[in-house]
Amino acid sequence: MMYQDIFDNTNDTSVVDFSKKSYLLKTIKRRFLTYGYRQIQTSTLEQYDLYQSITGTVHPDKMIKVIDPSGKILVLRPDVTIPITRMLASLNQVQSPEQPLFYISEVFRHSSDQQAKNEQTQAGIENFGPSTVELDAEVIALAIHTLRDLGFDSFKLEIGQASFFRELLELLNLTKAEKSELQLLIQAKNISEINRLLGDLTIQDELSTFIQQVPFLYGNFMEVINRAEEIALNEQMKDKLKKLKKLYEILQFYEVENDVSLDLGLINHMDYYSDIIFQGFVENVGKPVLMGGRYDQLADQLNATIPAIGFAFDVDFLVEAMDQHNLFPEVKTDIDIVLLYEKTRQRDAIKSASMLRYQGYRVYTEQLTAKECNPPASTSLVRYENDQQLLEHVNRSTSFTDQNDLLRLIRQREEDV
Ligand SMILES: N[C@@H](Cc1c[nH]c[nH+]1)C(=O)O
């Protein structure tokens, strides 16, 4: 191994980035709590078999595998929605239903992109309540409310319908490869390639015309619904549109309707979604900062019937987006008091530092030497010199007699501020 390799592919967080991330997580957490969500955590190591047996999960090549001493294959948590569903599915039916849940967890997904990290922090919610438009609307309102709390003023939550498109694909009788090609082309709104693919396939004209329209079915929520209603192919599609209309109506009660748009060609990277899906975009940032949707059938694969909806923020990506939009408050210094001392005053200095720490102050100490010392920034500086002891606070220097006097002065100045 090259020495340089040891430094590659790490995911360390510096002091400044950590404080930004903590600020962001605190804000998100506070908002999740106000909607009645409670925090949980799932295991970091999961059974590989669980993920392999479920359809719609992370691709096996993307999972990071670990082999335990008995030879069993485990994976580092590649997703949080699946293990939470597993947790709920394993609960005794007699138990009362879980509250809505939230998490702040690392997920591990291998990416072929050299720049992308294998480890991301997600802050998300999962709500195992009834499969209703009311709950869908509340979850969307929560996502928007959180983005507003973080300070974003121009963002969009793009809403789509996973089953709308899936049912369309069913009507087409395509092979798996053709289906995913068409899906990707529609998502990329690549009209010329869609036409080429449709030309190669034998499909009824009516269906072909409809598919050509799907990439254009995005934009203003009600406008898209009206356009889609005109070309809807069957009753199921009409029902889906009716449900979306109802959703929009409720979003108006939450006063978030201007922050949503509709994209009937939207596809999320996870295949477990069964109904509405959504992605959150902030201005000038190309990738979505949050993804989610309803996944009513995921628990079926674990022998349980648990409709659910959820979403997750990509926290690291959100930090970048907030940086770009200058949304972090100025980082305050983490040190309250810097205490510098000459060797002869070491005893007094350490005793004062201990006293101040017991009082809850964050104290940094350093011995004054011939070398220039470089203490961190702080509002108060205490100096124990050979012949005097001083408190310097915002350009004012006062001598103090003993520990009690020092504490009194520090408190007094805090009150003055
Ligand atoms: N687990 C999904 C996000 C999500 C949470 N709940 C529903 N969807 C993801 O990683 O993209």
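All of these numbers come straight from a predicted model, not from anything done at the bench. (Residues numbered from 1 in each chain as written. Predicted model: local features only at pLDDT ≥ 70, side-chain atom pairs only at ≥ 80, totals over all residues. Heavy atoms only, no water.)

## A few points about the sheet that holds strand S4 (residues 73-76)
Moving on, step 1. The strand order across the open sheet built from 3 strands is S2-S4-S3, with neighbouring strands paired in antiparallel fashion. Two strands bound the open sheet, and with one partner strand each, they are strand S2 (45-47) and strand S3 (65-67). The mean angle between the axes of side-by-side strands here comes to 45°, regardless of whether they run parallel or antiparallel.
Moving on, step 2. In the sheet, S3 pairs with S4 via 3 bridges, with the strands oriented antiparallel. Within S4, the residue paired with Val 66 across the bridge is Leu 74. (Pairing = 2+ DSSP bridges. Helix = DSSP H or I, 4+ residues; strand = E, 2+ residues; numbered from the N terminus. Axes fitted to C-alpha atoms, helices over the stretch in contact; angles between N-to-C directions.)

## Some words on the packing of aromatic side chains
The geometry of two aromatic rings is summed up by the distance between their centres and the angle between their planes.
Moving on, step 1. Scanning all chains against the criterion turns up 10 aromatic pairs.
Moving on, step 2. Aromatic pair Phe 32 and Phe 311: ring centres 6.1 Å apart, planes at 75°, arrangement edge-to-face. Placement of the pair is Phe 32 in helix H1 (residues 15-34) and Phe 311 in strand S12 (residues 309-314), with a sequence separation of 279 residues.
Moving on, step 3. You can call Phe 32 buried: its relative accessible area is 0%. (Phe/Tyr/Trp six-rings, centres within 6.5 Å; stacked < 30°, edge-to-face > 60°. Buried < 20%, exposed > 50% of the residue type's maximum accessible area, 1.4 Å probe, protein only.)

## Examining the nonpolar core
Grouped burial of nonpolar side chains is what soluble globular proteins tend to show.
Moving on, step 1. Formed by 75 residues in total, the largest nonpolar core has its most connected members in Leu 24, Ile 140, Leu 147, Ile 159, Leu 244, Phe 278 and Phe 311.
Moving on, step 2. Ranked by the residues each element gives to this core, the list is headed by helix H4 (residues 133-149), at 9 residues.
Moving on, step 3. Within the second largest apolar cluster, 30 residues are counted, among which are Tyr 51, Ile 82, Tyr 295 and Ala 308. (Core = buried A, V, L, I, M, F, W, Y, C linked by side-chain atoms within 4.5 Å.)

## Observations regarding the UniProt feature "binding site: L-histidine" (unreviewed entry) in the protein chain
Moving on, step 1. Listed under "binding site: L-histidine" (unreviewed entry) in the UniProt record, and renumbered for this structure, are Asp 79, Val 80, Thr 81, Arg 109, Gln 122, Glu 126, Tyr 272 and Tyr 273.
Moving on, step 2. On the accessibility criterion, Arg 109 (12% relative accessible area) is buried.
Moving on, step 3. Apart from residues lying up to four places away in sequence, Arg 109 is in contact with Val 58, Lys 62, Ile 64, Pro 78, Asp 79, Lys 117, Asn 118, Gln 122, His 269 and Met 270.
Moving on, step 4. In this structure the side chain of Arg 109 is engaged in a polar contact, spanning 2.7 Å, whose partner is the backbone oxygen of Pro 78.
Moving on, step 5. Setting aside residues no more than four positions away along its own chain, Tyr 273 makes contact with Ala 162, Arg 166, Asn 268, Gly 292, Gly 293, Arg 294 and Tyr 295. (UniProt positions renumbered as here; feature names shortened; annotations may be inferred. Contact = heavy atoms within 4.5 Å. Polar contact = N/O pair within 3.5 Å; in protein donor to acceptor, adjacent residues only side chain to side chain.)

## Things to note about the confidence of the model for the protein chain
Moving on, step 1. Predicted confidence across the protein chain gives a mean pLDDT of 89, with 95% of residues reaching 70 or more.
Moving on, step 2. If you check the scores for this complex, the pTM reads 0.88 and the ipTM reads 0.99. (pLDDT = per-residue confidence, 0-100.)

## Remarks on the pattern of salt bridges
Two side chains carrying opposite charge are able to pair once their charged atoms lie near each other.
Moving on, step 1. With the rule as written, the count across this model stands at 22 salt bridges.
Moving on, step 2. Among the ionic pairs, Glu 46 bridges to Arg 86, the shortest N-O distance being 2.7 Å. Separated by 40 residues along the polypeptide, Glu 46 in strand S2 and Arg 86 in helix H3 (residues 81-90) bring together distant segments of the chain.
Moving on, step 3. Look at Glu 46 and you get buried, because its relative accessible area is 4%.
Moving on, step 4. Residue class for Arg 86 comes out partly exposed when judged on its relative accessible area of 27%.
Moving on, step 5. Between Lys 238 and Glu 235 there is a salt bridge, and its shortest N-O distance comes to 3.9 Å. (Salt bridge = Lys/Arg side-chain N within 4 Å of Asp/Glu carboxyl O.)

## Brief notes about H3
Moving on, step 1. Taken across its 10 residues, H3 has 7 buried, putting it largely inside the fold.
Moving on, step 2. Considered for burial, the residues of H3 that qualify are Thr 81, Ile 82, Pro 83, Ile 84, Thr 85, Leu 88 and Ala 89.

## Some thoughts on the site of the ligand
Moving on, step 1. The immediate surroundings of the ligand are formed by 15 residues, with Asp 79, Thr 81, Arg 109, Tyr 272 and Tyr 273 found nearest.
Moving on, step 2. Between the ligand and the protein, one listed contact pairs a nitrogen atom with a side-chain N or O atom of Tyr 272 at 2.8 Å.
Moving on, step 3. In this structure, Gly 310 approaches the ligand through a main-chain N or O atom, which is 3.5 Å from a nitrogen atom.
Moving on, step 4. Coverage of the ligand by the protein amounts to 98% of the 300 Å² it exposes when considered alone.
Moving on, step 5. When residues of the shell around the ligand are traced back to their parent elements, those giving at least two are strand S6 (119-127), strand S11 (290-294) and S12.
Moving on, step 6. Counting residues per element, the shell around the ligand draws most heavily on S12, at 3 residues.
Moving on, step 7. Along the lines of polarity and charge, the residues of the shell around the ligand split into 7 nonpolar, 5 polar and 3 charged. (Near = heavy atom within 4 Å. Areas by Shrake-Rupley, 256 points an atom, 1.4 Å probe, with all protein chains shown as cover. Nonpolar A, V, L, I, M, F, W, Y, C, P; charged D, E, K, R; others polar.)

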